[in-house]
Amino acid sequence: MSSSNTCTSEFCNAGWSEVLTHMSPYGFANFGVAFALGLSVVGAAWGIWLTGSSLVGASVKAPRIRSKNLISVIFCEATAIYGVIMAIILTNKVKAPDENTYYLDEDWDWSGYYYAGYGMFSAGLSVGLTNIASGISVGIAGSSCALADAQDASLFVKILIVEIFASALGIFGIIVGIIQSNACTFPIAALN
């Protein structure tokens, strides 16, 4: 028994596996750019939310911590900047073919074409996910820094060092993303 809503046209797909295997490498590359930028901004916002709420709450008890603990917010914002940098790098790697046709030639470098798309997707996803982790860890460390500094001013520098290590996660992520995307070059002409 078939449903009247079942699509029998040649333009229907069999499911997600067919959608993902028939998607253009340019689409994967652009999703990589979007994930690098979007997830990095989410990580930064989450970290700023964690740090900022504790900073405002702790500054009620000790108003002296307001200005020096803003460094925690800056560390969180750095994760968004890492995403912007990676998005710029990935966007500059996307090149359109020389010929403006609907179908590419049979002797096109298909493996290089798909390698570039998948590589840029994985690079963007790697940077985005590490920046979410970095933003949350910097936010938690910044929150702890604000609360500890409100109790004892001598703890500020000690906890700030932990926050710097948490921020290094984002730097490691962008380094891995650059390494992943280094060999991703879209072919612009057919092989001869």
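Residues numbered from 1 in each chain as written. Predicted model: local features only at pLDDT ≥ 70, side-chain atom pairs only at ≥ 80, totals over all residues. Heavy atoms only, no water.

Caption draft 1: How the structure looks around the packing of helix α5 (residues 110-151) against helix α6 (residues 156-181). With their axes 8 Å apart at the nearest point, α5 and α6 run at an angle of 175 degrees to one another. Considering their axes alone, α5 and α6 lie roughly antiparallel with respect to each other. Looking at the contact of α5 with α6, its residues break down into 13 nonpolar, 14 polar and two charged. (Axes fitted to C-alpha atoms, helices over the stretch in contact; angles between N-to-C directions. Helix = DSSP H or I, 4+ residues; strand = E, 2+ residues; numbered from the N terminus. Parallel < 35°, antiparallel > 145°, perpendicular 65-115°, else oblique. Nonpolar A, V, L, I, M, F, W, Y, C, P; charged D, E, K, R; others polar.)

Caption draft 2: Layout of the layout of surface pockets. Looking at the largest pocket, its volume works out to about 400 Å³. Along the walls of the largest pocket sit 13 residues, with S24, Y102, Y103, L104 and Y113 positioned nearest its centre. Counting residues per element, the ones that place at least two in the lining of the largest pocket are α2 (25-61) and α5. Here the lining of the largest pocket gets three residues from one element, more than from any other, and that element is α5. Across the lining of the largest pocket, the residue classes tally to nine nonpolar, three polar and one charged. (1 Å grid on protein atoms, 1.4 Å probe; cavity = no way out; pocket = protein on both sides within 12 Å on 5 of 7 lines; lining within 4 Å. Points joined across faces, edges and corners; volume = space filled by probe spheres on them.)

Caption draft 3: Molecular detail of the packing of α2 against α5. The contact between α2 and α5 brings their axes to 7 Å, and the two run at 0 degrees. The pairing of α2 with α5 is recorded here as roughly parallel in orientation. Of the residues that constitute the contact of α2 with α5, the class distribution is 28 nonpolar, 15 polar and one charged.

Caption draft 4: Here's a closer look at the environment of T130. Structurally, the position occupied by T130 is in helix α5. Aside from chain neighbours lying at most four places away, what touches T130 is L169 and G173. (Contact = heavy atoms within 4.5 Å.)

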